[in-house]
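Examining the three-dimensional arrangement
The primary structure of each chain is shown beneath.
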Amino acid sequence: MAVRVRPCHVRDAKGRELEGRMTALVNSSGPFNAVFGPSSSQHAVYSVCGSQLLHGVLDEGLSGCMFAFGSTGSGKTHSMIGASGGQSRDVLDGVIPQLTDDLFIRVNRLEADAAAQSLRFVVMASFVEVLEDRAFDLLGNPGSGAATARKPSLDIRSLGGRIVAYGAAEVPVSSTSALLRLVAQGAQARATRATGVHDHSSRSHAILTLAIERRWKRATDGATLSRVAQLQLVDLAGVSALCVKNRS
Ligand SMILES: Nc1ncnc2c1ncn2[C@@H]1O[C@H](COP(=O)(O)OP(=O)(O)O)[C@@H](O)[C@H]1O
Ligand SMILES: [Mg+2]
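Residues numbered from 1 in each chain as written. Chains lettered and ligands numbered in written order. Predicted model: local features only at pLDDT ≥ 70, side-chain atom pairs only at ≥ 80, totals over all residues.

**Details of the overall build of the protein**
Per the secondary structure count, the protein includes seven helices and 13 strands. Of all 248 residues assigned to the protein, the portion counted as buried reaches 33%. Residue pairs in contact within the protein that sit at least 24 positions apart in sequence constitute 65% of those at least 6 positions apart. (Helix = DSSP H or I, 4+ residues; strand = E, 2+ residues; numbered from the N terminus. Buried ≥ 20, exposed ≤ 12 C-beta atoms within 10 Å, placed from the backbone. Contact = placed C-beta atoms within 7 Å.)

Now the structure itself:
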């Protein structure tokens, strides 16, 4: 687990100054293992918290999850996505754009190095919002945030010890910019659903899942084999919002 302390004097989207607060960025089940101060860079956070997750997926075939936890205004979205929702690519890119930049560079390199085995990667993205005990697909209807926002909640089932939201769209992605367009589409769907609901986005969890499939041909008989690892990158609801709900 890593803890990040954001600078004291930052303003929210409405220009109001926010109090100093912490964000916890969690990326392992191990002990608390890093602290990032107010002047820490986005790159430092990615190097410690994100790159080892990618290493696990690509080099060891493991699935992984990273989530940002903290009160509203503590810097969860800033840390996970970056300034302006990741739309202006720069040093303020959060973990998600930095991780996908690395992902696609590494995938292209691995495919070139193992061309003889016809190695191919397919990356599918889904983006789901969880609000109280319901889950909503944020990508279902490309091009129409309003239509996506009106979709009914997904069917949540327990499957082999995992909780699965059935029916969420899975969209193939092959570049960071394509993924960031999906993230922006999801943010728009979230904002549209939020109309009339107080502080909606800070009360819900946003779960971006990348299913990374590796396909290759077995040398002995030419059979196509495949293995999938999942990466879940989660911007959790604000902690104080959850406390308020629990008291009621
Ligand atoms: N480490 C940081 N450095 C600079 N600005 C930050 C940092 N963390 C958060 N901010 C700014 O603080 C404000 C609130 O952050 P945000 O990520 O939206 O919080 P949360 O998602 O936890 O509610 C935003 O304007 C964001 O850009
Ligand atoms: Mg946020």
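**Some words on the environment of L119**
Residue placement: L119 occurs in the loop between α3 (95–113) and β7 (120–131). Note: C-alpha distance between L119 and V107 (twelve residues apart in sequence) is 9.6 Å. In this structure L119 touches L110, E111, A114 and W216, once residues within four positions along its chain are discounted.

**Re the site of ligand 1**
Taken together, 17 residues are adjacent to ligand 1, and R6, G75, K76, T77 and H78 come closest. Elements with a minimum of two residues in the shell around ligand 1: β2 (10–11) and α2 (76–80). Taken together, the residues of the shell around ligand 1 break down into four nonpolar, nine polar and four charged. (Near = placed C-beta within 6 Å. Nonpolar A, V, L, I, M, F, W, Y, C, P; charged D, E, K, R; others polar.)

**Brief notes about helix α1 (residues 42–60)**
Here α1 is 19 residues long and its end C-alpha atoms lie 25 Å apart, about the 27 Å a rise of 1.5 Å per residue gives. Every buried residue of α1 is listed here: Q42, V45, Y46, C49, G50, L53 and V57. Downstream of α1 by one or two residues, G61 has phi in the positive range, about 70°. (Expected span 1.5 Å × (residues − 1).)

**Thoughts on the packing of α1 against α3**
Two elements in contact, α1 and α3, have axes whose closest approach is 9 Å; the angle formed by their N-to-C orientations is 40°. Here α3 runs oblique to α1, going by the angle between their axes. Once α1 is placed against α3, the crossing between them reads as right-handed. Of α3, the residues touching α1 (which contributes H43, V45, Y46, C49, G50, S51, L54 and L58) are V95, Q98, L99, D102, L103 and R106. For the contact of α1 with α3, the residue count by class is eight nonpolar, four polar and two charged. (Axes fitted to C-alpha atoms, helices over the stretch in contact; angles between N-to-C directions. Parallel < 35°, antiparallel > 145°, perpendicular 65-115°, else oblique. Left-handed = near helix turned anticlockwise from the far one by under 90°.)

**What to know about unusual backbone geometry**
Positive phi, normally seen in glycine, also occurs at S118, with a value near 55°. Position of S118 relative to the elements: it lies in the loop between α3 and β7. The phi angle at E132 is positive, at roughly 55°, despite the residue not being glycine. The residue E132 is located in the loop between β7 and β8 (134–137) in this model. Using a count of 9 C-beta atoms within 10 Å as the deciding quantity, one classes E132 as exposed.

**A few points about the confidence of the model for the protein**
As a general rule, the predicted coordinates of low-pLDDT regions are not to be interpreted in detail. Confidence in the prediction of the protein, expressed as mean pLDDT, is 84, and 85% of residues score 70 or more. The secondary structure element of the protein with the lowest average pLDDT is helix α4 (residues 145–149), at 53, and the one with the highest is strand β11 (residues 171–173), at 96. (pLDDT = per-residue confidence, 0-100.)

**Details of the nonpolar core**
Membership of the largest hydrophobic core comes to 42 residues, with the highest contact counts inside it found for V95, I96, V128, V183 and L208. Of all elements in the fold, only α1, β6 (64–70), α3, β7, β8, α5 (176–194), β12 (205–217) and β13 (224–235) reach the threshold of two or more residues within this core. (Core = buried A, V, L, I, M, F, W, Y, C linked by C-beta atoms within 7 Å.)

**Focus: the environment of L103**
Along the polypeptide, L103 turns up in helix α3. Considered as a pair, L103 and S51 are 52 residues apart in the sequence and their alpha carbons are 9.3 Å apart.

**Section: the pairing of strand β10 (residues 162–166)**
Pairing analysis gives five bridges linking strand β9 (residues 155–159) to β10, with the strands arranged antiparallel. Pairing of I156 across the sheet is with A165, part of β10. Where β9 folds back on β10, the antiparallel hairpin that results is connected by two residues, among which G160 adopts a positive phi of roughly 55°. (Pairing = 2+ DSSP bridges.)

**A few points about α3**
Along its 19 residues, α3 runs 27 Å from first to last C-alpha, staying within 8% of the 27 Å computed at 1.5 Å per residue. Within α3, burial applies to V95, I96, P97, Q98, L99, T100 and L103.

**A few points about the environment of A44**
With respect to the helices and strands, A44 occurs in helix α1. Here A44 falls in the partly exposed class, since 14 other C-beta atoms lie within 10 Å of it.

**Points about the pairing of β7**
The sheet contact formed by β7 and β12 spans eleven bridges and is antiparallel. Residue pairing across strands places R120 opposite R215, the latter belonging to β12. Bridge count for β7 against β11 is three bridges, and the pairing is antiparallel. When the bridges of β11 are listed, V123 appears paired with V173. The sheet contact formed by β7 and β8 spans four bridges and is antiparallel. Looking at β8, one finds that V128 is bridged to D137. Once β7 ends, the chain turns through two residues before running back antiparallel as β8, passing E132 with a positive phi of about 55°.

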